[in-house]
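As a plain string of letters, each chain reads:
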Amino acid sequence: MGRPKLLKIFFLFFFYMNVSCGEIKQNPLTAKASLIRYWNRKISNKHPKPVFLLSKASPLNAIDMAILITKLASQYTLSSHDLSTFCSSANLFCGFDSNLQKHDDDEDADFASYNSSKHFINYGLAGLGSQDSFKNYSIGLNMPSDSFLRYSPASTGHDERFNSYAKDANIGSDVFTNYAQGATGGSGEFTSYEPEVNVPNIKFASYDSDGNNHELSFATYTEDTNSGSQGFISYGKNGNGVPLQFSNYASTSNIVGSTFTGYSELGNGANDSFKGYSSDANDPNNNFKAYGIGGNSGLHSFVDYRDGANVGDDTFQFYARNSNSARVSFGNYGKSFNEGTDTFKEYGKGATGHGIEFKVYGANNTFKGYGDGKGITFARYINQSSGIARHGKWVEDGKFFRESMLKQGTVIKMPDIKDKMPRRSFLPRSISSKLPLNDHDQLKGLFHVHGNSTLGHVIDNALSECERPPSPGETKSCVGSVEDMIDFAVSVLGHNVVVRTTENANGSDQRVVLGSVKGINGGEVTRSVSCHQSLFPYMLYYCHSVPKVRVYEADILNLETKAKMINHGVAICHLDTSDWSPGHGAFVALGSGPGLIEVCHWIFENDMTWTIAD
């Protein structure tokens, strides 16, 4: 072996020994080391680098990156094995539609404080007078994923209880297929089902079809959730005397869509009640297609439906068409404090002996091909919903506050600032740049999305927000790498910038007292770039410029001792709200309107704001 080659080997040996001994902080061949070099080139000050941001850097090394770039450049697809390797080595979260454990049983079950994801097949088969109870089931899990296939079919007097099911989860994915099909008597009760879940994704297919007097109750179902969907397909089809009640369904939720297809179709003596459904919610979307079609003597009641919600969009297509003696009542329907949209297409068309009543009904509605006008009553139809003054409960207590609260000694309610997203990393720019955020289908293909999957919904929701046009005066960008985030912040604020976040989630949903409060940039009016985390397989942030703000740091103290610091928070106050929507949650919570007040809020855990350095 020649002398030059020996010297090269010794050099490499001592180089990596130095890396392992800590004399060189980073292996220069990793994505994180490349990011630090990029930071040093783009950021002009010598402030400490933000540990919370660098910790999200990709763990990939140079070899992993080179292999992935080659495969993506040549074919833009990955085999199942390569995708699994990619998700694991890059610290992505690809398990939105993970496999489930199988549970097969026909005995009484009592699941209390149970944390798992299970597949229930032929569970409660032909049960007679039995009862299953799911209480505090899958509570607090990141992504509970439960499947009920042929649950309680052909049973008699079988009761099902779902109480505080999957509470406070991040992504709920539940499937009920042929649930209680052909059941006689008994009841199913969903109480506090998936409350406070970030993205509920629930499907009921052929639920209670061919059932006989199997009573169903949904109370506080998916309450206070964020951006999810529920699908009810052939629910109660061919049922006989199936009583159903939705009470406080999806109330105070944010952008939850529900679809009812073939619901109570050909049912006999159906008795459905929607009470407080989507009330005080933000932009609920509900679609009733072929609901009660061909039914006999059905009773359908909508009371306080979408009452006090912010906008919203409901569609009734072929509702109660060709039915016999249907009775439908809408009371306090669609009284959104900001106008929503309701469309009735061929509603009650071809029905006989029906009675349909609209009492205190909201504005902005379209009736197309609506029956023959007989048996239809409109009472107190509201033409202008803008006059409806209501304090929308869907705004979380403490989420917004006034700038005057930001002073030492103030007792303040902290909202829930916990980061409920799954743990993931950014991609290095060399890879993220190969994944176009404007192509839903390509990204779904890369991550092997099939059919109506949870991951498909996640990708569509995130990319739709990225594609939303900016508000007046706003500059926005979705970034999948820290390098892209740095570039966006620098393009708005210049090279002398710092980034901050609230230190942790301590104090969430509690009353706390503020200790020392400091205004950034001397408390002067400044600009900032705020970045909010999106749910996505890899770390993706929605960043936007925020002009005319004041940014504060505050010590957050325990209310009992008023001495122990439990958190170090970052708050931002928007001084110009003139372009905000009148229905913005801040005005609902604080009781004002656009341009009349400033609005402050905390930077939540793992969100962040960039400002010019002091």
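Here, every reference points to the structure presented above.
Residues numbered from 1 in each chain as written. Predicted model: local features only at pLDDT ≥ 70, side-chain atom pairs only at ≥ 80, totals over all residues. Heavy atoms only, no water.

Any chance you could break down the nonpolar core for me, citing the residues and the numbers?
F86, F447 and F536 are the most contacted members of the largest nonpolar core, which has 35 residues in total. Taken together, the elements giving at least two residues each to this core come down to α4 (62-75), α5 (80-89), α7 (440-446), α8 (454-467) and β28 (540-557). By residue number, the principal contributor to this core is α8, which donates six residues. Counting residues in hydrophobic clusters, the runner-up holds 27 residues, among them L35, Y38, A489 and V492. (Core = buried A, V, L, I, M, F, W, Y, C linked by side-chain atoms within 4.5 Å. Buried < 20%, exposed > 50% of the residue type's maximum accessible area, 1.4 Å probe, protein only. Helix = DSSP H or I, 4+ residues; strand = E, 2+ residues; numbered from the N terminus.)

Quick rundown of unusual backbone geometry? Include the residues and the values.
Phi at N521 is positive, roughly 55°, even though this residue is not glycine. Residue position: N521 is located in the loop between β26 (511-519) and β27 (526-534). The phi angle at N606 is positive, at roughly 70°, despite the residue not being glycine. Secondary-structure assignment places N606 in the loop between β30 (599-602) and β31 (608-612). With a relative accessible area of 14%, N606 lands in the buried category.

Any details on the packing of helix α2 (residues 31-42) against helix α9 (residues 482-493)? Residues and values, ideally.
Packing of α2 against α9 brings their axes to within 10 Å, and their N-to-C directions diverge by 10°. Of the possible angle classes, the one that applies to α2 and α9 is roughly parallel. Only V482, E483, I486, D487 and V490 of α9 make contact with α2, whose side of the interface consists of L35, Y38, W39 and K42. (Axes fitted to C-alpha atoms, helices over the stretch in contact; angles between N-to-C directions. Parallel < 35°, antiparallel > 145°, perpendicular 65-115°, else oblique. Contact = heavy atoms within 4.5 Å.)

If you had to explain the environment of S534 to someone new, which residues and values would you point to?
Along the chain, the position of S534 falls in strand β27. Here S534 falls in the buried class, since its relative accessible area comes to 11%. When the C-alpha positions of S534 and D607 are compared, they lie 9.8 Å apart, and in sequence the two are 73 residues distant. Other than its neighbours up to four places away in sequence, S534 contacts M421, R424, A462, L540 and Y542.

How would you sum up the state of the cysteines? Please name residues and give values.
Per the stated rule, a full pass over the model turns up four disulfides. Two residues, C531 and C543, share a disulfide whose sulfurs are 2.1 Å apart. Its torsion about the S-S bond being 115°, the disulfide of C531 and C543 is classed as right-handed. With C531 in strand β27 and C543 in strand β28, this residue pair connects regions lying twelve residues apart in the sequence. With respect to class, C531 is no different from C543; both count as buried. Each disulfide in the protein chain links cysteines that, numbered along the sequence, combine into the pattern 1-2, 3-4, 5-6, 7-8. (Disulfide = S-S within 2.5 Å.)

The quantities given are spatial measurements derived from coordinates; they are silent on function.
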